[in-house]
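The lines below spell out each chain.
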Amino acid sequence: MEKSSLDADCALNMVLVEEKKGHLIPNGNAHQGVNGTLNGGPAATGAISAVEKRQGYPERETWTRQMDFIMSCVGFAVGLGNVWRFPYLCYKNGGGVFLIPYVLFIFLGGIPIFFLEIALGQFMKAGSINVWNIAPLFKGLGFASMVIVFFCNTYYIMVLAWGFYYLIKSFNSTLPWSTCDNPWNSENCIEIFHHSDCHNGTIGNSTFGNMTCEELANGRSPIIEFWENKVLNISDGLDQPGVINWEMVLCLMAVWVMVYFCVWKGVKSTGKIVYVTATFPYVVLIILLVRGVTLPGAYDGILYYVKPDWSKLGEAQVWIDAGTQIFFSYAIGLGALTALGSYNRFNNDCYKDAFVLAFINSGTSFFSGFVVFSILGFMASEQGVDISKVAESGPGLAFIAYPKAISMMPVAPVWAALFFIMLLLLGLDSQFVGVEGFVTGILDLFPGKYYMRYQREIAVAICCLLCFIIDLSMVTQGGMYVFQLFDYYSASGMTLLWQAFWECVVVAWVYGADRFMDDIARMIGYRPFPWIKWCWSFITPCVCMGIFLFHLLNYKPLTYNNVYVYPWWGEVIGWCMALSSMLCIPVSVVYKLAGSKGTFRERWESLTKPVWGGHHLEYMAPDTDIKSLTSLSPGTEENKVIIFESVM
């Protein structure tokens with residue numbers, strides 16, 4: 001034992017490092033490079049392992065199979081927004097025409113930043129905070145992403161709690177949201193009727209009295225009353241929190257327990273669970289599509305979804321919606337993709353993975369539209385109204401429009417249960433991977449000497465418990481107003497766009513785009529196509545800042561159902577949540593510069609010097625000419641590069 005420790009120390013003292021043109025090469029100093037500092041010391045695999053074991057700090061986990069990483073990314077990035085937001089945006093913004101700006105923004109913003117976050121995590125082998133050791137002055141980027149993902153983890157799970165509640169209620173012979181004879185229904189509740197039953201402006205059924213069809217249309221649907229009176233039990237405003245809904249508390253507790261046991265053992269367990277949570281929703285989507293297209297009115301619904309309206313291309317809002325949807329659905333700026341990438345093998349081909357994952361993500365969004373609009377077309381046909389009257393997005397689609405359509409179908413409870421199982425699984429993997437990203441970032445802050453045996457399990461438990469306590473404010477009668485505050489401000493388009501803008505600027509202009517492209521070539525064995533570098537340097541930051549300014553200039557106060565306007569103090573709370581992440585970046589930069597010594601140039605050079613990890617020496621080959629690598633497609637013989645391991 002003593003001999004192995006001595007050998008490790010000898011290796012630690014013998015390895016010297018110098019950085020030449022941004023790359024580490026053996027030269028004789030284990031701790032200091034010309035343009036970067038090496039943490040972890042030894043280059044040799046055995047030396048690293050010996051030092052880590054001696055300190056009691058385990059080696060960083062890696063995925064058991066690379067498919068575990070792919071499925072985890074699919075589970076995280078492909079979520080509820082793909083099903084309930086994209087189809088609505090597509091029909092609202094010109095049908096098939098919307099795909100033109102959408103695809104354009106995929107290549108100008110989505111893929112470049114998606115690839116950047118995964119590659120950065122894989123290169124630095126760290127979570128969302130320590131990954132910015134690549135430019136320590138901007139470590140505030142990591143704290144900003146941690147704040148955003150914490151807010152997301154806090155409020156996003158409420159959707160799962162509502163979905164779980166609907167799932168439980170689906171196991172009834174008659175769906176409770178399909179009738180008006182429940183305790184929570186009001187006298188204005190009107191069950192679905194066919195417009196063909198209207199004769200001369202009145203309805204033939206005497207049950208409703210001599211009411212006009214127009215008066216009936218202004219009545220309240222049983223699904224709306226189930227949602228607002230039973231599930232939410234909503235009060236009149238944010239200033240009236242009311243009482244706690246204990247049924248929802250139990251549902252919330254149940255989903256948090258599920259999340260905990262999905263995450264508590266790390267990527268070894270998470271990588272297995274996502275095979276179910278990421279794939280089963282696709283099975284349900286296919287089943288729902290097959291059922292949907294066989295219903296009357298489905299063709300009209302699908303046509304309404306994809307029929308192009310070329311005049312929409314001239315509207316700025318269409319382009320803004322396309323860009324914003326990309327950043328939402330690709331889960332950019334949350335730090336979770338960085339955490340997932342950090343568990344990759346160092347020479348994993350993350351460039352190819354980024355394209356595969358982008359195709360799966362956007363393909364799922366487009367495919368979901370056919371599922372949603374085939375059912376909405378059926379509902380519009382049954383009610384005799386235009387599809388625009390029944391189309392919804394967000395919770396309105398998941399908990400009002402779609403359940404209402406399902407209640408009209410034969411064997412409705414079966415289809416309702418299938419739909420809400422899909423909804424629960426779609427959100428569950430996004431939730432627990434988000435928690436994984438947050439916990440990874442926290443644990444990376446603790447050096448080896450603070451490591452304890454059940455550190456991860458305790459950290460995950462504390463995170464889940466803290467979020468659960470905050471969530472109790474969202475299961476009160478005023479909880480929906482609190483939920484909207486979190487959704488509108490804490491993880492809004494503006495905060496994600498701000499985060500993505502600075503990520504591109506720091507990597508491309510502070511660390512160096514060419515330099516990072518060389519680092520990627522070290523990892524994957526070939527140079528990515530140059531347009532990635534151009535996007536990081538120019539195009540993507542301009543896109544992010546352009547959409548950010550558009551949102552800022554067109555800001556509108558938050559409302560609920562376009563009726564209730566939030567009080568001024570509610571908006572102040574919202575802006576505090578938004579600024580709590582956005583200000584992390586400039587405040588940390590000013591604080592670090594002010595606390596350093598020397599001229600501004602000396603401070604800048606010192607604080608932007610990368611802090612390297614021991615794994616960089618382990619994998620980086622001293623005699624590989626990175627500049628000679630071409631941007632050929634992966635896997636061809638002409639561009640194969642052997643990644644050498646340094647063995648002392």
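In this report, we go over the structure that sits alongside the text. Predicted model, so just to flag it, every value in this text is computed and none were measured.

1. Re the packing of aromatic side chains
Then comes step 1: One pass over the structure, following the stated rule, counts 63 aromatic pairs.
Then comes step 2: Between F366 and F370, the aromatic rings sit 5.2 Å apart at their centres with planes inclined by 90°, giving edge-to-face as the arrangement. Note that F366 and F370 are positioned in helix α16 (residues 350-383) at a spacing of 4 residues, about one turn of the helix.
Then comes step 3: Classification of F370 as partly exposed rests on a relative accessible area of 22%.
Then comes step 4: Plain terms: the ring middles of Y481 and Y560 are 5.4 Å apart, the flat faces sit at 70° to each other, and that makes the pair edge-to-face. Remark: Y560 occurs in strand β6 (residues 559-560) and Y481 occurs in helix α20 (residues 479-490); sequence separation between them is 79 residues.
Then comes step 5: Given a relative accessible area of 3%, Y481 falls into the buried group.

2. Thoughts on the state of the cysteines
Then comes step 1: Taken as a whole, this structure holds 1 disulfide when the rule is applied.
Then comes step 2: Bridging C180 to C189, the disulfide has an S-S length of 1.9 Å. As the torsion about the S-S bond is roughly -75°, the C180-C189 disulfide counts as left-handed.
Then comes step 3: With no disulfide partner, C262 has as its closest neighbouring cysteine sulfur the one in C464, 10.0 Å distant.
Then comes step 4: C262 gets classed as buried once you look at its relative accessible area, which sits at 8%.

3. Overview of the nonpolar core
Then comes step 1: In this structure, W162, W227, F399 and F516 are the most contacted members of the largest nonpolar core, which totals 200 residues.
Then comes step 2: Per element, the largest residue contribution to this core is 20 residues, and it comes from helix α7 (residues 140-170).
Then comes step 3: Residues contacting W162, with those up to four places away along its chain left out, are W227, V231, L232, M248, F399, M480 and F483.

4. Focus on helix α19 (residues 455-471)
Then comes step 1: Compared with an ideal rise of 1.5 Å per residue, which puts 17 residues at 24 Å, α19 spans 24 Å between its outermost C-alpha atoms and is within 8% of the ideal.
Then comes step 2: Listed as buried for α19 are Q455, R456, E457, A459, V460, C463, C464, C467, F468 and D471.

5. Details of the side chain of D429
Then comes step 1: Considering the arrangement of structural elements, one finds D429 in helix α18 (residues 412-443).
Then comes step 2: Here D429 occupies a buried position and makes no salt bridge, while the nearest side chain of opposite charge, R65, is found at 15 Å.
Then comes step 3: What D429 contacts, discounting residues up to four positions off in sequence, is G75, F76, V78, T277 and A278.

6. Things to note about unusual backbone geometry
Then comes step 1: Even without glycine at this site, A331 takes up a positive phi of about 55°.
Then comes step 2: Among the residues examined, A331 registers a relative accessible area of 7% and is labelled buried.
Then comes step 3: Positive phi values are uncommon outside glycine, yet V411 reaches one of about 50°.
Then comes step 4: Here V411 lies in the loop between α17 (395-407) and α18.

7. Re a nonpolar patch on the surface
Then comes step 1: Taken together, the side chains of V276, F280, V283 and I287 make up a nonpolar region of the molecular surface, amounting to roughly 300 Å² of accessible area.
Then comes step 2: Top contributing element to the nonpolar patch by residue count: helix α12 (residues 280-293), with 3 residues.
Then comes step 3: Residue placement: F280 occurs in helix α12.

8. A short note on the side chain of S490
Then comes step 1: As for its placement among the helices and strands, S490 is situated in helix α20.
Then comes step 2: From its side chain, S490 meets the backbone oxygen of F486 in a polar contact 2.5 Å long.
Then comes step 3: Residues within four places of S490 in sequence aside, it is in contact with I148, F151, Y155, L485, T495 and M577.

Calculation rules
- Residues numbered from 1 in each chain as written.
- Predicted model: local features only at pLDDT ≥ 70, side-chain atom pairs only at ≥ 80, totals over all residues.
- Heavy atoms only, no water.
- Phe/Tyr/Trp six-rings, centres within 6.5 Å; stacked < 30°, edge-to-face > 60°.
- Helix = DSSP H or I, 4+ residues; strand = E, 2+ residues; numbered from the N terminus.
- Buried < 20%, exposed > 50% of the residue type's maximum accessible area, 1.4 Å probe, protein only.
- Disulfide = S-S within 2.5 Å.
- Core = buried A, V, L, I, M, F, W, Y, C linked by side-chain atoms within 4.5 Å.
- Contact = heavy atoms within 4.5 Å.
- Expected span 1.5 Å × (residues − 1).
- Lys, Arg positive; Asp, Glu negative; His and termini not counted.
- Salt bridge = Lys/Arg side-chain N within 4 Å of Asp/Glu carboxyl O.
- Patch = residues over 30% accessible without salt bridge, like charges linked within 9 Å, V, L, I, M, F, W, Y side chains within 5 Å.
- Areas by Shrake-Rupley, 256 points an atom, 1.4 Å probe, with all protein chains shown as cover.
- Polar contact = N/O pair within 3.5 Å; in protein donor to acceptor, adjacent residues only side chain to side chain.

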